[in-house]
Amino acid sequence: MKQTDNLSESTSLADRLGIPAPLFWGFVGLLFFMIGDGVEAGYLAPYLEGQGISSRDTALLFTIYGVTVSLSSWASGPLSDLWGPKRVMWIGLAIWGVFEILFLTFGVAVNSYPIMLAAYTMRGFGYPLFTYGFLVWIAAATPPRQLGSAAGWFWFAFSGGLPTLGSLFASFSIPLIGEMATFWSSLGLVMFGGLLALLMTREPIGSRRLAPVGTKPGTIFFSSISILWREPKTFVAMIVRTINTSSEYAFLVIMPAFFTKVIGFSLSQWLQLLSIIFLSNILVNLVSGITADRLGHRTVVALFGCIGAAITVPLFYYVPQMFPGNFGIAAVMGALYGATIAAFVPLSGLVPQICPKEKAAALSALGLGAGASTWVGPAIVTWFESWRGIEGIIWIFSGLYVASAVMTLVLTVSPEARRHLNEAAARGDIAEEVTLGH
């Protein structure tokens with residue numbers, strides 16, 4: 001993947017905020033796309049259980065969906081190298097739309113679990129191609145001095161939609177138009193956001209193949225896998241990224257029932273709580289990316305992300321039980337949890353600097369980890385809920401976050417990236433030579 005600093009050095013508001021100006025509409029479109037994708041996040045599980053689908057079958061649906069998300073997240077990197085990120089995003093948008101229609105029409109509407117499982121599984125290929133294709137585009141077209149902030153804005157838009165504003169939208173639309181109509185509205189939001197991003201973003205790098213001319217497809221795909229053992233740090237980063245949001249996807253399965261049946265919240269209150277959690281998440285997504293450009297990416301991830309999440313996951317479970325029905329206290333605990341999950345954002349700025357000559361392949365490893373979290377979380381629920389219940393699952397995740405803190409210590413940038421950063425510091429492009437960690 002070719003290193004480039006071709007973005008405009010303009011003094012536009014977007015650039016001053018840390019958003020690469022030529023990609024501005026891509027970020028806006030991503031937000032709307034993820035709002036649509038996140039509409040169902042907080043109520044699909046309780047809706048299906050209300051239609052007679054068992055909690056185990058619901059967890060299986062999310063787990064299998066997560067497997068295709070994981071595969072697609074990995075494939076977004078080599079496909080972007082091969083075809084260009086913009087074409088990959090078009091494919092992702094088309095897949096999402098087609099299989100969402102099948103999922104709702106022939107699955108949910110007639111309560112056919114086999115069709116739901118098949119269509120939802122295939123839809124899982126859609127959003128990662130769109131979102132992580134855009135992340136590769138960002139890495140290809142953003143100067144290194146701006147990567148941390150750009151990554152922060154990417155995750156700001158990503159989690160701003162899934163599930164923050166998506167769940168908030170659902171909490172108001174369900175009482176007004178009903179659950180099925182709300183499902184359908186998600187399709188409209190996804191299509192609007194996807195078309196906005198793709199039609200309004202004309203930055204040229206994303207429209208062309210990123211791999212050198214003549215590189216065979218097999219070589220491109222193999223490099224995106226072989227990088228895991230050729231550059232072991234990318235494998236570690238993948239594991240850390242998997243742990244990062246695995247608890248989030250597990251909580252989408254187990255926490256709706258916990259907060260409605262144990263804590264005493266209504267479904268609307270649970271959806272509003274979910275929105276508060278991820279409102280905190282999106283704000284800290286942005287802050288952590290900008291902070292990492294100053295304090296070091298590794299420091300932010302290990303201290304505020306890994307150790308922070310190890311503490312806040314148990315707090316989110318135990319403290320609301322001490323104050324049943326108290327929405328304010330539950331919201332504070334949820335906001336703390338969402339903030340610590342967001343502190344992993346600097347991984348997206350750090351990983352391209354670990355392998356500066358293979359940014360797409362390195363981001364594929366990170367995408368594989370992000371995708372894996374969507375099935376690892378529900379799988380942990382499937383495997384361990386009968387063992388120690390929700391409490392046991394909570395402590396499994398807390399322990400995983402402690403382990404991820406230890407793993408983060410090995411994530412150091414390459415000597416080449418270090419030289420580039422030192423040169424940039426000498427020119428005054430960045431404030432410190434230690435921007436991306438030691």
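Since the structure is predicted, the reported quantities are computational estimates derived from the model, not experimental observations.

Novice: I'd love a proper account of the overall build of the protein chain, names of residues and values included.
Specialist: When helices and strands are counted, the protein chain shows 17 helices and 0 strands. For the protein chain, whose C-alpha radius of gyration is 21 Å, the value lies close to the compact-globule estimate of 22 Å for 438 residues. Across its three principal directions, the C-alpha atoms of the protein chain cover 60 × 40 × 40 Å. Buried residues in the protein chain amount to 61% of all 438 residues. Taking the intrachain contacts of the protein chain between residues at least 6 apart in sequence as the baseline, contacts between residues at least 24 apart amount to 84%. Averaging the locations of the 23 positively and 22 negatively charged side chains of the protein chain gives two centres separated by 7 Å.

Novice: Which residues make up helix 12 (residues 267-295), and what values do they have?
Specialist: For helix 12, spanning 29 residues, the distance from its first C-alpha to its last is 40 Å, which sits close to the expected 42 Å at 1.5 Å a residue. Positive phi appears at G296, one or two residues downstream of helix 12, with a value of about 110°.

Novice: How would you summarise the confidence of the model for the protein chain if you had to cite specific residues and measurements?
Specialist: Confidence in the prediction for the protein chain averages 85 pLDDT; 92% of positions are at 70 or higher. This model gives residues 1-10 a pLDDT under 50, and the stretch forms 31 contacts once residues within four places in sequence are excluded. In the predicted structure, residues 428-438 sits below a pLDDT of 50 and forms 31 contacts with residues beyond four places in sequence or in another chain.

Novice: Describe helix 7 (residues 126-141), with residues and values.
Specialist: Given a rise of 1.5 Å per residue, 16 residues ought to cover 22 Å, and the 23 Å separating the end C-alpha atoms of helix 7 matches this to within 8%. For helix 7, the buried fraction is high: 16 of the 16 residues fall into the buried class.

Novice: Before we move on, could you go through the packing of aromatic side chains and cite the residues and values that matter?
Specialist: Within this structure, the stated rule accounts for 35 aromatic pairs. Between F24 and W25, the aromatic rings sit 5.3 Å apart at their centres with planes inclined by 80°, giving edge-to-face as the arrangement. Taking the centre distance of 5.3 Å and the plane angle of 45° together, the rings of F251 and Y337 count as tilted. In this pair, F251 sits in helix 11 (residues 232-262) while Y337 sits in helix 14 (residues 327-342), placing the two residues 86 residues apart along the sequence. Here the two residues F251 and Y337 agree in accessibility, since each one is buried. A network of ring pairs unites the aromatic residues F251, F258, F259, F265, W270, F316, Y317, Y318, F327, Y337, W395 and F397 as a single cluster.

Novice: I'd love a proper account of the packing of helix 11 against helix 13 (residues 297-322), names of residues and values included.
Specialist: At a minimum axis distance of 12 Å, the contact between helix 11 and helix 13 shows a crossing angle of 10°. Relative to helix 13, the element helix 11 lies roughly parallel. Read as a crossing pair, helix 11 and helix 13 show a hand that is left-handed. Residues F251, M255, F258 and F259 of helix 11 pack against V313, F316, Y317, P320 and Q321 of helix 13. For the contact of helix 11 with helix 13, the per-class residue count stands at 8 nonpolar, 1 polar and no charged.

Novice: Give a description of the pattern of salt bridges that names residues and reports values.
Specialist: Applying the stated rule across the entire model yields 3 salt bridges. Between D37 and R123 there is a salt bridge, with its nearest N and O atoms 3.6 Å apart. In this pair, D37 sits in helix 2 (residues 24-38) while R123 sits in helix 6 (residues 113-123), placing the two residues 86 residues apart along the sequence. Here the two residues D37 and R123 agree in accessibility, since each one is buried. The closest approach of N and O atoms between R123 and E40, which form a salt bridge, is 3.0 Å. Here R123 is found in helix 6, whereas its partner E40 is found in the loop between helix 2 and helix 3 (44-50), with 83 residues between them in sequence.

Novice: Can you explain the packing of helix 11 against helix 14? Please cite residues and give values.
Specialist: At a minimum axis separation of 11 Å, helix 11 and helix 14 run at an interaxial angle of 160°. Of the possible angle classes, the one that applies to helix 11 and helix 14 is roughly antiparallel. Both helix 11 and helix 14 take part in a crossing whose hand is left-handed. On the side of helix 11, the interface is formed by N244, T245, S247, E248, F251 and F259, while helix 14 contributes A330, Y337 and I341.

Novice: Requested: an account of the environment of A365, with residues and values cited.
Specialist: You can see A365 is positioned in helix 16 (residues 359-408). Measuring from C-alpha to C-alpha, the distance between A365 and G42 comes to 28 Å, with 323 residues separating the pair along the chain. In contact with A365, other than residues within four places in its own chain, are L228, T234 and M238.

Novice: Which residues make up the nonpolar core, and what values do they have?
Specialist: Ranked by internal contacts, the top residues of the largest apolar core, which has 120 residues, are F154, M255 and F259. Looking at which element gives the most residues to this core, the answer is helix 16, with 16 residues. When sequence neighbours within four positions are dropped, the list of residues in contact with F154 reads F27, L30, T131, Y132, F134, L135 and I138. Counting residues in hydrophobic clusters, the runner-up holds 9 residues, among them W74, A75, L228 and L368.

Novice: Run through a nonpolar patch on the surface, naming residues and quoting values.
Specialist: Side chains of L295, L303, F304, I307, I311, L315, V332 and L336 sit close together on the surface and give an oily, nonpolar patch of about 690 Å² of accessible area. Within the residue set of the nonpolar patch, elements represented by two or more residues are helix 13 and helix 14. With 5 residues, the single largest contributor to the nonpolar patch is helix 13. Mapped onto the fold, L295 is located in helix 12. Accessibility expressed as a relative area gives 48% for L295, which makes it partly exposed.

Criteria and cut-off values
Residues numbered from 1 in each chain as written. Predicted model: local features only at pLDDT ≥ 70, side-chain atom pairs only at ≥ 80, totals over all residues. Heavy atoms only, no water. Helix = DSSP H or I, 4+ residues; strand = E, 2+ residues; numbered from the N terminus. Rg over C-alpha atoms; globule rule 2.2 N^0.38 Å. Buried < 20%, exposed > 50% of the residue type's maximum accessible area, 1.4 Å probe, protein only. Contact = heavy atoms within 4.5 Å. Lys, Arg positive; Asp, Glu negative; His and termini not counted. Charge placed at Lys NZ, Arg CZ, Asp CG, Glu CD. Expected span 1.5 Å × (residues − 1). pLDDT = per-residue confidence, 0-100. Phe/Tyr/Trp six-rings, centres within 6.5 Å; stacked < 30°, edge-to-face > 60°. Axes fitted to C-alpha atoms, helices over the stretch in contact; angles between N-to-C directions. Parallel < 35°, antiparallel > 145°, perpendicular 65-115°, else oblique. Left-handed = near helix turned anticlockwise from the far one by under 90°. Nonpolar A, V, L, I, M, F, W, Y, C, P; charged D, E, K, R; others polar. Salt bridge = Lys/Arg side-chain N within 4 Å of Asp/Glu carboxyl O. Core = buried A, V, L, I, M, F, W, Y, C linked by side-chain atoms within 4.5 Å. Patch = residues over 30% accessible without salt bridge, like charges linked within 9 Å, V, L, I, M, F, W, Y side chains within 5 Å. Areas by Shrake-Rupley, 256 points an atom, 1.4 Å probe, with all protein chains shown as cover.

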